[in-house]
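Structural features, examined
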Amino acid sequence: LHKEYRRQRQMCIRDRLSEFISRYPESKYVPHAKQRMIYLRNLLAEHEIYVADFYMKRGAYLAAIGRAKYVIENLPNTPQTPFALSILVEAYEILEYEELRKTSLEILNANYPNFDFQGNESVKERSWANILTLGLIGKEDIKRPNAETP
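Attention here is on the structure that accompanies the text. Note that the structure is a prediction, hence the values are computed from the model and not measured.

Of the regular secondary structure elements, the protein chain holds six helices and zero strands. Start at the N end of the protein chain and walk to the C end: the helices and strands fall as α-α-α-α-α-α. Within the protein chain, contacts between residues separated by at least 24 positions form 57% of all contacts whose residues are at least 6 apart in sequence. When the accessible surface of the protein chain is split by element, carbon and sulfur atoms take 55% of a total near 9,900 Å².

With that settled, the discussion passes to the packing of aromatic side chains. Summed over all chains, the structure comprises four aromatic pairs. On the numbers, 6.2 Å between centres and 55° between planes, the contact of Tyr92 with Tyr97 is tilted. Judged by its relative accessible area of 41%, Tyr97 is partly exposed.

Ranked by internal contacts, the top residues of the largest apolar core, which has 20 residues, are Ile49, Ile87 and Leu88. At the level of elements, α2 (30-57), α3 (61-74) and α4 (81-94) are the ones that each hand at least two residues to this core. Per-element tally for this core: the top contributor is α4, with seven residues. Excluding residues within four positions of it along the chain, Leu88 makes contact with Ile65, Ala68, Lys69, Ile72 and Ser104.

In this section: the environment of Ala84. Checked against the element boundaries, Ala84 lands in helix α4. Classification of Ala84 as buried rests on a relative accessible area of 0%. In this structure, the C-alpha to C-alpha distance between Ala84 and Tyr70, residues 14 residues apart in sequence, is 8.7 Å. Discounting residues that sit within four places of it in the chain, Ala84 has contacts with Ile49, Ala68, Val71 and Ile72.

Basis of the calculations
Residues numbered from 1 in each chain as written. Predicted model: local features only at pLDDT ≥ 70, side-chain atom pairs only at ≥ 80, totals over all residues. Heavy atoms only, no water. Helix = DSSP H or I, 4+ residues; strand = E, 2+ residues; numbered from the N terminus. Contact = heavy atoms within 4.5 Å. Areas by Shrake-Rupley, 256 points an atom, 1.4 Å probe, with all protein chains shown as cover. Phe/Tyr/Trp six-rings, centres within 6.5 Å; stacked < 30°, edge-to-face > 60°. Buried < 20%, exposed > 50% of the residue type's maximum accessible area, 1.4 Å probe, protein only. Core = buried A, V, L, I, M, F, W, Y, C linked by side-chain atoms within 4.5 Å.

So, in structure tokens, the structure goes:
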């Protein structure tokens, strides 16, 4: 229930921002709305990778695969995409799905040749405020959209 609610809410926010952009393309708020969409997408992707890593640490590999696939399929081109692919590679290796591991690794190497497996900030220790707000509080290094008005 919680998972479905979160996805519905995400779709609702995305739809509203997209509708605003399409209805008022000349509005001075369109650049901010676009920034906000990217920011929210990146936060959601980071949270999904955090949860996938949690599942990996607890041996729930199929759940981790599901979270990683969700990022790849529904939140593509976010900074977390290579981490999602690396989770697939690791989980498929543990589950001995050699063909899927090989395919995921090829995609990862082809698209992110300089990928650093140790550089995933979303799986580092987080405060409770950061976890409960899906990263909105307690993460100062994420650039927030500018609230400038022309």
